[in-house]
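So the chains spell out like this:
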Amino acid sequence: MEHAAEDRPGTLTALAAAEEACTRCPLYRDATQAVPGEGARHAPLMLVGEQPGDKEDIAGHPFVGPAGSLLDRALADAGIDRETTFVTNAVKHFKHENRGKRRLHKRPNASEIDHCRWWLDIERDIVRPRVVVALGATALRSLLGRTVSVSSLRRTVQTMDDQARLVATVHPSSLLRVRDRDDKAAKYADFVEDLTRAAKLICER
Ligand code: SF4
């Protein structure tokens, strides 16, 4: 995606306004609003999800729904204070389809992810996190610029072009869908382990 350098917002406030005005892909049309990233201005840890969900779209804040509650619990279990993190999404508008009164989540496609990458790159430039956690495959595609499975990078640590360390894990919403209690507990423990690895990386530098 080609954009002029003077288009780049230099602050999180300007970035949020620019995202709200964005029409680079069709997703702005059916969403309530853009949902910008939130958190500490120079957070050492950035968490990148997929896109806002139904509750986030209405509230205008990331990770305030059920997946956000699970993320909060996992961060606490990993010894991470969410107030010290920056939480955002790869795609800033809610993609969904209407089924009666319900709005069902739809996964953003590669073109939508790649168009919205412009904003995530600027967020990373402004916040400059030492460690980035990709929560799921959409975040991973946005951060790496290509499709890579979470399973292929899980339990590894990658170094990104700006020298930030990258940890790949699942999106917390995937844990909400696990029915079996033991399986759910095991997958949650793996998720916390990934977050703990990310927290340790912050201390390494
Ligand atoms: S999803 Fe991203 S690229 Fe698409 S309109 Fe919204 S802010 Fe722009």
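Everything discussed here concerns the structure shown above.
Below, the structure is looked at part by part. Fair warning: this is a prediction, and the values are worked out from it, not measured in the lab.

Definitions and limits used
Residues numbered from 1 in each chain as written. Predicted model: local features only at pLDDT ≥ 70, side-chain atom pairs only at ≥ 80, totals over all residues. Helix = DSSP H or I, 4+ residues; strand = E, 2+ residues; numbered from the N terminus. Rg over C-alpha atoms; globule rule 2.2 N^0.38 Å. Contact = placed C-beta atoms within 7 Å. Near = placed C-beta within 6 Å. Nonpolar A, V, L, I, M, F, W, Y, C, P; charged D, E, K, R; others polar. Pairing = 2+ DSSP bridges. Axes fitted to C-alpha atoms, helices over the stretch in contact; angles between N-to-C directions. Core = buried A, V, L, I, M, F, W, Y, C linked by C-beta atoms within 7 Å. Buried ≥ 20, exposed ≤ 12 C-beta atoms within 10 Å, placed from the backbone. Parallel < 35°, antiparallel > 145°, perpendicular 65-115°, else oblique. Left-handed = near helix turned anticlockwise from the far one by under 90°. Expected span 1.5 Å × (residues − 1).

Summing up its helical and strand segments, the protein has eight helices and eight strands in all. Its C-alpha atoms give the protein a radius of gyration of 16 Å, near enough to 17 Å, the size a compact globule of 205 residues would have. Over its C-alpha atoms, taken along the principal directions, the protein stretches across nearly 45 × 45 × 30 Å. Contacts spanning at least 24 positions in sequence make up 73% of the contacts within the protein whose residues lie at least 6 apart.

Let us now look at the site of the ligand. Close to the ligand lie 15 residues, the nearest being C22, C25, K92, H93 and C116. When residues of the shell around the ligand are assigned to their parent elements, the largest contribution, four residues, is made by helix α4 (residues 110-127). Its residues assigned to classes, the shell around the ligand shows eight nonpolar, three polar and four charged.

Read from one edge of the open sheet, six strands run β1-β3-β2-β6-β8-β7, paired in mixed fashion. Only two strands of the sheet have a single partner each, and these edge strands are β1 (38-39) and β7 (158-159). Relative to strand β3 (residues 85-89), strand β2 (residues 45-49) runs parallel, the two sharing five bridges. Paired with M46 across the strands is F86, a residue of β3. The strands that helix α8 (residues 181-204) touches are β2, β6 (131-135) and β8 (165-169); relative to β8, the one it contacts most, it runs at about 175 degrees.

Of the pairings in the sheet, the one linking strand β4 (residues 96-99) to strand β5 (residues 102-105) comprises four bridges and is antiparallel in character. Counterpart to H96 in the pairing with β5 is H105. Linkage of β4 to β5, two consecutive antiparallel strands, is achieved through a turn of two residues, within which G100 is found at a positive phi near 60 degrees.

Judged by nonpolar contacts, the single largest core of 45 residues is most densely connected at V48, V132, V133 and A134. At six residues, α4 tops the list of elements feeding residues into this core. Those residues in contact with A134 that lie beyond four places of it in its chain are V48, A139, L140, L143, L166 and A168.

For the rest of this paragraph, the subject is the packing of helix α3 (residues 66-77) against α8. Where α3 meets α8, the closest approach of the two axes is 9 Å, and the angle between their N-to-C directions is 60 degrees. The orientation of α3 relative to α8 falls into the category oblique. Once α3 is placed against α8, the crossing between them reads as right-handed. Between α3 and α8, the contacting residues are A74, L75 and D77 on the first element and Y188, F191, V192 and L195 on the second.

Spanning 24 residues, α8 covers 35 Å between terminal C-alpha atoms, matching the ideal 34 Å at 1.5 Å per step. Every buried residue belonging to α8 is among F191, D194, L195, A198, A199 and L201, and all of these are buried. Buried residues belonging to α8 abut β2, α3, β6, β8 and α7 (172-176).

What follows deals with unusual backbone geometry. A negative phi angle characterises most non-glycine residues, just as the trans form characterises most peptide bonds. Positive phi is not limited to glycine here, since F63 has a value of about 55 degrees. In this fold, F63 is placed in the loop between α2 (54-59) and α3. At Q163, a residue that is not glycine, the phi angle is positive and equals roughly 75 degrees. Note on placement: Q163 falls in the loop between β7 and β8. Overall, Q163 belongs to the exposed group, with 9 C-beta atoms counted inside 10 Å.

The residue L195 is located in helix α8 in this model. A sequence separation of 28 residues divides L195 from V167, and the C-alpha atoms of the two residues are 8.2 Å apart. Sequence-distant contacts of L195, defined by excluding residues within four places in its chain, comprise A74, L75, A78, I80 and V133.

Treat this as a map of the structure, not an account of what it does.
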